[in-house]
Amino acid sequence: MASSIQTLGDLRRSGYRTRPVKQEIRDNLVSKLRAGGALFPGIIGYDETVIPQLVNAILSRHNFILLGLRGQAKSRILRGMIGLLDDQIPVVPGCEIHDNPLAPICASCRARVGKDGDNMAIGWLSRDSRYVEKLATPDVTIADMVGDIDPIKAAEAGLNLSDELTMHYGLLPRANRGIFAINELPDLAGKIQVGLFNILQEGDVQIKGYPIRLKLDVMLVFTANPEDYTARGKIITPLKDRIGSEIRTHYPVTRGNAMAITRQEAWTDRAGAMKVEIPEFVREVVEEVAFQARGDRKIDKRSGVSQRLPITALELVVSNAERRALASGETLVVPRVTDIYAALPSITGKFELEYEGELRGAEQIARDLIRAAVGNVFSGMFEWKRHAVGRRVVRPWRHAPAGRHLVRR
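Per-chain numbering applies: the sequence of each chain, read as written, is numbered from 1 onward. Local features in a predicted model are, by the rule used here, given only for residues with pLDDT of at least 70; side-chain atom pairs are given and counted only at 80 or more, and totals for whole chains, interfaces and linings are based on all residues. Values shown for side chains rest on all heavy atoms present in the structure; no hydrogens or waters enter the calculation.

1. Section: the overall build of the chain
When its secondary structure is counted, the chain shows 18 helices and 15 strands. The classification of residues rests on relative accessible area computed with a 1.4 Å probe and restricted to protein chains. Under 20% of the type maximum is buried, over 50% is exposed, and intermediate values are partly exposed. A buried classification covers 47% of the 409 residues belonging to the chain. We call two residues contacting when some pair of their heavy atoms lies within 4.5 Å. In the chain, the share of contacts with a sequence separation of at least 24, taken over all contacts with a separation of at least 6, comes to 73%. Per-residue and other accessible areas were derived by the Shrake-Rupley procedure at a 1.4 Å probe size, with only the shown protein chains allowed to occlude residues. Taken as a whole, the chain presents about 20400 Å² of accessible surface, with 51% of it coming from carbon and sulfur. The numbering of helices and of strands both runs from the N terminus, where a helix is a DSSP run of H or I of at least 4 residues and a strand a run of E of at least 2.

2. Considering the nonpolar core
In terms of nonpolar packing, the biggest core is built from 50 residues, with L172, F180, I182, L185, L196, L220 and F222 touching the most fellow members. By residue number, the principal contributor to this core is strand β10 (residues 218-224), which donates four residues. Sequence-distant contacts of L185, defined by excluding residues within four places in its chain, comprise I65, A136, Q193, F222, T223, A224, I235, L239 and I243. Residues L314, V317, I347 and V377 belong to the second largest nonpolar core, which totals 28 residues. Residue types Ala, Val, Leu, Ile, Met, Phe, Trp, Tyr and Cys, when buried and joined through side-chain atoms within 4.5 Å, form a set referred to as a nonpolar core.

3. Quick notes on the packing of aromatic side chains
For Phe, Tyr and Trp, where Trp contributes only its six-membered ring, two rings pair if their centres lie within 6.5 Å, and the inter-plane angle classes them as stacked under 30 degrees, edge-to-face over 60, or tilted in between. If you walk through the whole model with that rule in mind, you get one aromatic pair. Both rings, one in Y16 and one in W124, keep their centres 6.5 Å apart while their planes meet at 80°; by these two values the pair is edge-to-face. With Y16 in the loop between α1 (8-13) and α2 (21-35) and W124 in strand β3 (residues 123-126), the pair connects residues that are 108 residues apart, well separated along the chain. The same class applies to Y16 and to W124, which are both buried.

4. Comments concerning helix α5 (residues 107-116)
Taken together, the buried positions of α5 are A107, C109 and V113. The buried residues of α5 occupy one face: seen down the axis, they fall within an arc of 165°. Here the buried face of α5 lies against α1. By arc we mean the arc of the directions from the helix axis to the C-beta atoms, nothing more.

5. Notes on the environment of L84
Positionally, L84 belongs in the loop between α4 (74-80) and β2 (88-91). Along the primary structure L84 and V30 are separated by 54 residues, whereas in three dimensions their C-alpha atoms are 9.8 Å apart. Not counting residues within four places of it along the chain, the set of residues in contact with L84 comprises E24, I25, N28, L29, K32, F40 and I58.

6. Focus: the pattern of salt bridges
The working definition used for a salt bridge is a side-chain nitrogen of Lys or Arg within 4 Å of a carboxyl oxygen of Asp or Glu. For the coordinates displayed, the defined rule picks out 22 salt bridges. Put simply, D118 and R12 hold a salt bridge, and the shortest N to O gap is 2.5 Å. Placement of D118 in the loop between α5 and β3 and of R12 in helix α1 is noted, with a sequence separation of 106 residues between them. Judged by its relative accessible area of 36%, D118 falls in the partly exposed class. Given the relative accessible area of 42%, R12 is considered partly exposed.

7. A closer look at the side chain of T262
In this fold, T262 is placed in helix α13 (residues 255-265). Reaching out from T262, the side chain makes a polar contact with the side chain of E287 at a distance of 2.8 Å. Aside from chain neighbours lying at most four places away, what touches T262 is E287, Q307, P310, I311 and L314. Two N or O atoms count as a polar contact when they lie within 3.5 Å, although within protein this holds only if one can serve as hydrogen donor and the other as acceptor, and sequence-adjacent residues are included solely when both atoms are side-chain atoms.

8. Digging into the side chain of D296
Locating D296 in the fold gives a position in the loop between α14 (280-295) and α15 (308-328). For D296, the residues in contact, after removing those within four places along its chain, are K301 and L369.

9. Comments concerning the packing of α2 against helix α3 (residues 50-59)
Orientation of α2 relative to α3, taken along the N-to-C sense of each, is 135°, at an axis distance of 9 Å. It follows that α2 is oblique to α3 by the angle criterion. Across the interface between the two elements, I25, R26, L29, V30 and L33 of α2 pack against V55, I58 and L59 of α3. In the scheme used here, Gly and all other residues not listed as nonpolar or charged are polar, with Ala, Val, Leu, Ile, Met, Phe, Trp, Tyr, Cys and Pro taken as nonpolar and Asp, Glu, Lys and Arg as charged. For the contact of α2 with α3, the residue count by class is seven nonpolar, no polar and one charged. Here an axis means a line fitted to C-alpha atoms, over the contact stretch when the element is a helix, while the angle between two N-to-C directions is reported on a 0 to 180 degree scale. Roughly parallel here means an angle under 35 degrees, roughly antiparallel means over 145, roughly perpendicular means 65 to 115, and every remaining angle is called oblique.

Set out below in structure tokens:
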């Protein structure tokens, strides 16, 4: 369509109809649900928990927030929303807020449409350019988010400061006709959160107190760590009330899902002449370290243990085996259980300790976690059974629960 439609007249004659961005995302989601397949590629372990709630929120055309501890793929889910946008949409070329040529909302675009009419050239905006993300920090101002008056623009154009053409748009208006994501929402100052009220409820923003309101078309999505409500800041109650859905994320429930995530994210396929082969039991032990850490009373559960722990740990395990292979002239890199201790630098920085843990020390805690993980994986793979004849045999156990110690019988 972009190649055949170059002017506003072409767009009108084509019968093209714009949709609100939430309706557009909903329609594309409905098409994907009917076609089947993965809605959010690369997101593992949420098929029965987070994804159904997320789908319901989108079908309801809600703004939503993802609540969860660090390393639970919250930002990755938000960026996956790009795949639910149309490939391209028509825009007024050069407009800062990607105005709709068929129904412009800013003064300059209305003037261009009035002047050029159907001969006005139009541009096409790709889906990647319709996603705007902002990391909330305490120093963010309302001008950064919404906008401000630009006196330099007014002076150069000879305009009055109250003229709409003197406005400098912030990130939120620039996300018009797209998705605006705010990471770590509690870190935003309270007065900045108040500035989001109108866009969430009425769908418009007001810049610098002037009686000019922009009726924006934008979907707002947020992420937050539940513990940050008291640790660094909080989401003010009126803002929470205006967010349509609150969806809680979680860490992988099974060791299998956790291993699939680590296999997907960790850099283990090293370029070069040497081949890397990682035994499955080594992958299991690395993953079990994270499960043990999440259940250890000496580690702060409110802070969480990120899935980045096994990802970076496995990379160090492979690197240590690679270093040994290079030193000994081997062509095959095979990590051993003892290589897991080389991953201590990636483990000690991934958790916060309680008072009891501080007394023991982060490195000793990490060593204890590795020992417990090795024991648990071994006990899960080989369960001791006492037969009636009174002798012991070893039997493989393929479905070991993660994070638990099996009792030998």
